[in-house]
Amino acid sequence: MATDATAPHALLLPYPAQGHVIPFMELAHRLLDRGFAVTFVNTEFNHRRVVEAAAGAPAAEGGRRLRLVGVPDGMDDGEDRDNLVRLNATMPETMPPRLEALLDGGGGSAGGEGLGRVTCVVVDAGMSWALDAAKRRGLPTAALWAASAAVLAVIVGAKNLIRDGVIDDDGAPVKLDSSDSFRLAESMAPMDATFLAWNYMGNRDAERMVFHYLTTTAWAAVANADVLLCNTFSDLEPDIFTHHSPASILPIGPLRTWQRRSTSGEAPVVGHFWRTDDETCLSFLDAQPHGSVVYVAFGSLTVMSPAQLQELALALGTSGRPFLWVFRPGLAGKLPTALTDQVAQHGRGKLVEWAPQERVLAHPAVGCFLMHCGWNSTLEGIRNGVPLLCWPYFTDQFTNQTYICDIWRVGVRMAPIDRQGIVTKEEIMERLESLLGDGGVKERVSKLKELAERSMSGEGQSLKNLNVFIEFVRK
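Residues numbered from 1 in each chain as written. Predicted model: local features only at pLDDT ≥ 70, side-chain atom pairs only at ≥ 80, totals over all residues. Heavy atoms only, no water.

As annotated in an unreviewed UniProt entry, the protein is Glycosyltransferase from Panicum miliaceum. Taken from UniProt, the Sequence similarities (unreviewed entry) comment for the protein reads in full: "Belongs to the UDP-glycosyltransferase family." (UniProt positions renumbered as here; feature names shortened; annotations may be inferred.)

This is how it looks when you write it as structure tokens:
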């Protein structure tokens, strides 16, 4: 093992969202396993959250080689970091000087002394403007796309969609009717232009700005990174890699962290923004019958109206099934008193602020996952063989729903894609029973689980690709 000062030293920069930080942290641990030192850069806002959530957890084996750093994102204290349009505008203006200082061996924080100069850089494809500083210093670079390869193919191919009259120059669908679908390739399922990653945000100005940010950063990642990585596996999206790969993508997924343990037996830093209550969650699951629990989690950004929350709460409370519901800060207002009283009285449900999701999904008591279709959650459900009940909110989640329900057929929709208004208690319960009663879904998701495990073990293609990447940036 190289000494800290002589070890190869990677700087990692994820996009400041929970579903990006977690796979980046797993990649950091993979590099640490191979003897690298790692400087992991979050925005100051997210750095504080990660450090607080991980308080008491070991950094990793050889934890001195992992340095967690926060840099300003350009937003004022008290501003809403869920305003992605504002965040996308301020970060490229504010962050580069601090990143350059880190590349030159300064600007660090406690825990990083003696790591030596950065020798390679991995940025989120959504932060590809940061590649310029690394390229000027002659450093090997990679960009990691933390969503599906299909979504990347759509974004990189946006000029073709404009040429073909599917979308206009600002990403808006040209036809707002049933003929609004298109195919990336003849062999692939149709996609709806109304629900592309930048659309369906409820604000056309925001959609336009997100479209231009996504396309600009994705094109820069393809053009400027030495290696383009994606948190997926080729057996999950074979048509993309066979017929429509937008660039030379190396699938290195599914990336996972929770199975790691330090020599003390504790889990290392995962990158959660909220502290998880592992003991509460796992003790509750241990007491439930096999395959009985409905696990409910809507990621880090979804917002639900009080009326819709009420219907979901009533459906869970009267379903007769045990449930574990992640009710994170910001999801909605206060929980209905009727639900909290019912949980306290009957003990069929458990409410937690945040959960160790991979560990929950791996538990045999979990029967299905009611989720928002974020890519991280989608992968976690698949690689644990859990049927999925889909309730997307925005961005790439609608594309992921299409794959889950129509292509892989490992889940069902909570409501039709064009549904407006409240989904009722009765509808929620009907969809839940439909999913849990479909043995074909369970069989298909179990097969995908096997393919996911194979991809990252032995001679699996994702593991081979990861090894190629690591050897390249080690040079």
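Back to the text.
Brief notes about the overall build of the protein
Broken down by element type, the protein carries 18 helices and 15 strands. By residue count, 56% of the 475 residues in the protein fall in the buried class. Counting contacts in the protein only where the partners sit at least 6 residues apart, residues at least 24 apart contribute 71% of the total. Working note: accessible area of the protein is about 18800 Å², and carbon and sulfur atoms make up 51% of it. (Helix = DSSP H or I, 4+ residues; strand = E, 2+ residues; numbered from the N terminus. Buried < 20%, exposed > 50% of the residue type's maximum accessible area, 1.4 Å probe, protein only. Contact = heavy atoms within 4.5 Å. Areas by Shrake-Rupley, 256 points an atom, 1.4 Å probe, with all protein chains shown as cover.)

A closer look at the pairing of strand β8 (residues 227-230)
Of the two faces of β8, the one carrying Val227 and Leu229 and the one carrying Leu228 and Cys230 are both buried. Here strand β5 (residues 141-145) runs beside β8; their pairing, made up of four bridges, is parallel. Bridge pairing in β8 places Trp145 opposite Cys230. When β8 meets strand β9 (residues 249-251), the two strands line up parallel, connected through three bridges. Bridged to Cys230 within β9 is Pro251. (Pairing = 2+ DSSP bridges.)

Describing the nonpolar core
Grouped together as the largest cluster of nonpolar side chains are 132 residues, with contacts concentrated most on Leu12, Phe40, Trp198, Tyr295 and Phe469. Take this core: its biggest share by element is eight residues, from helix α6 (residues 149-156). When we break this core down by domain, the ones giving at least three residues each are domain 1 (9-149 + 208-271 + 456-474) and domain 2 (279-437). Here Phe40 is in contact with Leu12, Pro14, Val21, Phe24, Met25, Ala28, Leu66, Arg67, Leu68 and Val69, once residues within four sequence places are set aside. (Core = buried A, V, L, I, M, F, W, Y, C linked by side-chain atoms within 4.5 Å. Domains from an automatic or database assignment.)

Focus: the packing of aromatic side chains
Considering all chains together, one arrives at six aromatic pairs under this definition. Here the aromatic rings of Trp325 and Phe327 are separated by 5.6 Å at their centres, their planes lie at 80 degrees, and the arrangement is edge-to-face. Each member of the pair, Trp325 as well as Phe327, is classed as buried. Taken together through their ring pairs, the aromatic side chains of Trp375, Tyr403 and Trp408 make up a single cluster. Stacked on the ring of Trp219, the Lys or Arg Lys159 has its end atom at 4.5 Å from the ring centre. (Phe/Tyr/Trp six-rings, centres within 6.5 Å; stacked < 30°, edge-to-face > 60°. Lys NZ or Arg CZ within 6 Å of the ring centre and 35° of its normal.)

Focus on unusual backbone geometry
Across residues other than glycine, the phi torsion is negative in most instances, and most of the peptide bonds are trans. Residue Pro254 is bonded to the preceding Gly253 through a cis peptide linkage, with omega at 0 degrees. Looking at the secondary structure, you find Pro254 in the loop between β9 and α10 (278-286). The phi angle at Cys373 is positive, at roughly 75 degrees, despite the residue not being glycine. Looking at the secondary structure, you find Cys373 in the loop between β13 (366-371) and α14 (375-383). Relative accessible area serves as the criterion here: at 0%, Cys373 is assigned to the buried category.

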